[in-house]
Amino acid sequence: MTSHPLYGPAVEAIRKVTDRVPDVGLVLGSGLGVLADTLTDRVVVPYEDIPGWPKSTVHGHSGRLVFGTLEGKQVVCQQGRAHFYEGYTPQQITFPIRVMHFLGVKTVILTNAAGGINLSYEAGDIMLLNDHINFIGMAGANPLVGPNDETLGERFIGMSTPYDTSLRAAAKQVASDLDIAIHEGTYACLAGPTFESPAEVRMLRIIGADAVGMSTVHEVLVARHMNMRVLAFSAITNKGIDVVDSPMDANHEEVLETGKVIVPKLSAILRGVLARI
Ligand code: HPA
């Protein structure tokens, strides 16, 4: 139990429902929430029952915390997350990661839907994140801006390896054992909610991004602030459109539909990784 002034009330509200101590926190992105249905011995806590918890207003994100067991591990899943483009501050978006820490989580696995920037990526592919470009943070909206809470972590946090080397190795081994091809690359985090223009897609390619999305990186920064281990996957739901006058345009329905196709593959990889943690 924590008496932390910001996160204590949320932890206490959850503790009234369950005393489970999860090892792993799983954050499920657009169209990927069904992964929580594969947990056994589930205990569900709706976000509205947790003081301070940001609720997603986006279609395709349900708002509940699901505790359960997967591959013998105690897991807590965020079925739906809040985003910067919904008007939340980076601190609000990352509130759930802070609470997960106080629930006992040591490892966070994040998932998101993303557009493919690397020309070799196709809709339906999976990318393991090994680095990121944080446009929102560079623009000054980093969740660690403001007075530093020394009880949580240090003022300055290194970002040379945001995504845990041994967890990434485990994920690659699992994918290879299962014969599932995955990419490994750099995720660019933009504010959204507009999808990228063709010139922006071309710029992202030039600066070294492989995939682009509107989430995840804030959560990674806060998890690393508290020294949690981080693993993250992008479900490539569409290819970034890099020419004007294309008959195609990115849209949220396509993101959700392709997310569904990726779920079985991602679920198999997640299970394999959990078995090895
Ligand atoms: N851009 C940004 N975010 C996304 C995309 C995209 O193309 N696809 C899914 N999330």
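The structure displayed is predicted, hence computed values, not measured ones. (Residues numbered from 1 in each chain as written. Predicted model: local features only at pLDDT ≥ 70, side-chain atom pairs only at ≥ 80, totals over all residues. Heavy atoms only, no water.)

Participant: Kindly report on unusual backbone geometry, identifying the contributing residues and their values.
Facilitator: Residue G192 is joined to P193 through a cis peptide bond whose omega torsion reads 0 degrees. Assignment of secondary structure puts P193 in the loop between strand 7 (183-189) and helix 6 (198-206). Positive phi outside glycine occurs at D41, with the angle close to 50 degrees. With respect to the helices, strands and loops of the structure, D41 is situated in strand 2 (residues 40-46). Judged by relative accessible area, which is 51%, D41 ranks as exposed. The backbone phi angle of T216 is positive, close to 75 degrees, even though this residue is not glycine. Tracing the backbone through its elements, the reader meets T216 in the loop between strand 8 (211-213) and helix 7 (217-225). (Helix = DSSP H or I, 4+ residues; strand = E, 2+ residues; numbered from the N terminus. Buried < 20%, exposed > 50% of the residue type's maximum accessible area, 1.4 Å probe, protein only.)

Participant: Mind laying out the packing of aromatic side chains, listing which residues take part and the relevant values?
Facilitator: What characterises a pair of aromatic rings is the spacing of the ring centres plus the angle enclosed by the ring planes. Considering all chains together, one arrives at four aromatic pairs under this definition. Measuring from centroid to centroid gives 5.4 Å for Y7 and F95, while their planes differ by 55 degrees, and the two rings are tilted. Of the two residues, Y7 is situated in the segment before helix 1 (8-17) and F95 in helix 3 (residues 95-103); the sequence distance between them amounts to 88 residues. F95 sits in the buried class, given a relative accessible area of 7%. Centroid distance Y7 to F102: 6.1 Å. Interplanar angle 25 degrees. Geometry classified as stacked. Of this pair, Y7 sits in the segment before helix 1 while F102 sits in helix 3, placing them 95 residues apart in sequence. Chaining the aromatic ring pairs together yields one cluster made of Y7, Y47, W53, F95 and F102. (Phe/Tyr/Trp six-rings, centres within 6.5 Å; stacked < 30°, edge-to-face > 60°.)

Participant: So what about the site of the ligand? Which residues, and what values?
Facilitator: Lining the immediate surroundings of the ligand are A113, A114, G115, F195, E196, V212, G213, M214, T237, N238 and V255. Between A113 and the ligand, the recorded distance is 3.3 Å, taken from a backbone N or O atom to a nitrogen atom. At a separation of 2.7 Å, a nitrogen atom of the ligand approaches a polar side-chain atom of E196. Notes on the ligand: free accessible area 260 Å², of which the protein chains cover 95%. When residues of the shell around the ligand are traced back to their parent elements, those giving at least two are strand 5 (107-116), strand 8 and strand 9 (229-239). A per-class count over the shell around the ligand returns six nonpolar, four polar and one charged. (Near = heavy atom within 4 Å. Polar contact = N/O pair within 3.5 Å; in protein donor to acceptor, adjacent residues only side chain to side chain. Areas by Shrake-Rupley, 256 points an atom, 1.4 Å probe, with all protein chains shown as cover. Nonpolar A, V, L, I, M, F, W, Y, C, P; charged D, E, K, R; others polar.)

Participant: Describe helix 5 (residues 165-177), naming the residues involved and giving the relevant values.
Facilitator: Between its first and last C-alpha, helix 5 extends 18 Å over 13 residues, near the 18 Å set by a 1.5 Å rise per residue. Among the residues of helix 5, those classed as buried are L167, R168, A170, A171, V174 and A175. For helix 5, the arc enclosing every buried residue in end-on projection is 160 degrees, short of the 170-degree limit, so these residues lie on one face. Tucked inside the fold, the buried residues of helix 5 contact strand 5, strand 6 (126-134), strand 7, strand 9 and helix 8 (252-276). (Expected span 1.5 Å × (residues − 1). Arc of directions from axis to C-beta. Contact = heavy atoms within 4.5 Å.)

By themselves these figures say nothing about function.
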